[in-house]
Amino acid sequence: LRRQIEARIDVLVPCGTTGESATMTAAEQERVVAITVEEAGGRVPVLAGAGSNDTRVAIDRSRVMAGLGADGILSVGPYYNKPTPEGFFRHFSAIADASPKPVVVYNVPGRTGSNIDTRTLLRIAGHANVVAVKEASGNLGQVMDILRDRPAGFEVLSGDDAFTLAFMALGGEGVISVAANQIPGPMRELTAACARGDWPEARRIHYRYLRLMNLNFVESNPAPVKASLALMGLCAESFRLPLCPPSEATRDLLREELRTLGLLS
């Protein structure tokens, strides 16, 4: 957390996919968010993961995270249930109605099995307490439709590091990043360059780190990024089943790229 803040990132996101939130207990999630809020100390906002495929649980977790001091709630689309568009709308409307803090919708069909289509997302975005979407559908056509028709003040954030440049060139506001665990400074510089319209600099940073961004997903996230951070001496390489360590071939590719980027001592 301190490393992230020192790199001048804009927001902290505890209990997301990269933090293995799916296999954390409720008590563990609360402890992580409490530590994050304490370390942030008001210097940067805290967007706490609080999603569930059970709407009642998602409402409860949102209230708990808000009570711990989180500034906003990140709520993933329901997984396994495969709700209809109306089900998505009712799910997020119920969470937004109940949450004391603003809600960011997370659309990641590759993990949940269901895409929140543009029309449905725009209906959800009409709620006064839904302020943004983390869009990880990988469908730039869908992203452009959202950007064109979104209500005023509704932010669109990339859920894929490699799409950050494209999202922001199209009018999006930023990224909720995996690679920022490894390279918080460069990811901050990338989004800052995009925000000020310095596209040559943005492209330079994008292409310098693109291979690392892609390697982070050569196996299921967060296995590669955790292995990278262990190689960098920043954390232990530990996983909870059903996740397991990456293959030696993947680890070799990561080590080679980290060395190329000057990230290994």
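Computed from a prediction, not measured in an experiment: that's the story for all the values here. (Residues numbered from 1 in each chain as written. Predicted model: local features only at pLDDT ≥ 70, side-chain atom pairs only at ≥ 80, totals over all residues. Heavy atoms only, no water.)

Now for the overall build of the chain. Looking only at helices and strands, the chain features 12 helices and 6 strands. Its C-alpha atoms give the chain a radius of gyration of 18 Å, within 12% of the compact-globule value 18 Å for 265 residues. Viewed in the frame of its principal axes, the chain has a C-alpha envelope of about 50 × 40 × 35 Å. In the chain, 66% of the contacts between residues at least 6 apart in sequence involve partners at least 24 apart. The positive charge centre, built from 28 side chains, and the negative charge centre, built from 29, are 1 Å apart in the chain. (Helix = DSSP H or I, 4+ residues; strand = E, 2+ residues; numbered from the N terminus. Rg over C-alpha atoms; globule rule 2.2 N^0.38 Å. Contact = heavy atoms within 4.5 Å. Lys, Arg positive; Asp, Glu negative; His and termini not counted. Charge placed at Lys NZ, Arg CZ, Asp CG, Glu CD.)

Backbone geometry follows two general trends: most residues other than glycine have a negative phi, and most peptide bonds adopt the trans configuration. With an omega dihedral of 15°, the bond running from N221 to P222 counts as a cis peptide bond. In this structure, P222 sits in the loop between α10 (199-215) and α11 (223-231). Geometrically, the link from L241 to P242 is a cis peptide bond, its omega value of 15° lying close to zero. Examined against the element boundaries, P242 turns out to sit in the loop between α11 and α12 (248-260). Notably, E20 is not glycine yet its phi reads approximately 55°, a positive angle. Within the secondary structure, E20 sits in the loop between α1 (2-6) and α2 (26-40). By relative accessible area, which is 7% here, E20 ends up buried. (Buried < 20%, exposed > 50% of the residue type's maximum accessible area, 1.4 Å probe, protein only.)

Let's shift gears to the pattern of salt bridges. One pass over the full model with this rule turns up 17 salt bridges. A salt bridge links E257 to R211; the nearest nitrogen and oxygen atoms lie 3.3 Å apart. A residue pair is termed long-range when its members are at least 10 positions apart, and E257 in helix α12 and R211 in helix α10 qualify at 46 residues. The exposure class assigned to E257 is buried, which follows from its relative accessible area of 7%. Take R211: its relative accessible area is 41%, and that puts it in the partly exposed class. A cluster of three or more residues bridged by salt bridges with shared partners is formed by E86, R90 and R123. (Salt bridge = Lys/Arg side-chain N within 4 Å of Asp/Glu carboxyl O.)

One can describe the packing of helix α4 (residues 85-98) onto helix α6 (residues 118-125) by two numbers: an axis separation of 9 Å at closest approach and a directional angle of 20°. Classified by the angle between their axes, α4 and α6 sit roughly parallel to one another. The handedness of the crossing between α4 and α6 is right-handed. Taken together, the residues of α6 that come into contact with α4 (itself represented by P85, E86, F88, F89 and F92) are T120, R123 and I124. The residue inventory of the contact of α4 with α6, partitioned by class, reads 5 nonpolar, 1 polar and 2 charged. (Axes fitted to C-alpha atoms, helices over the stretch in contact; angles between N-to-C directions. Parallel < 35°, antiparallel > 145°, perpendicular 65-115°, else oblique. Left-handed = near helix turned anticlockwise from the far one by under 90°. Nonpolar A, V, L, I, M, F, W, Y, C, P; charged D, E, K, R; others polar.)

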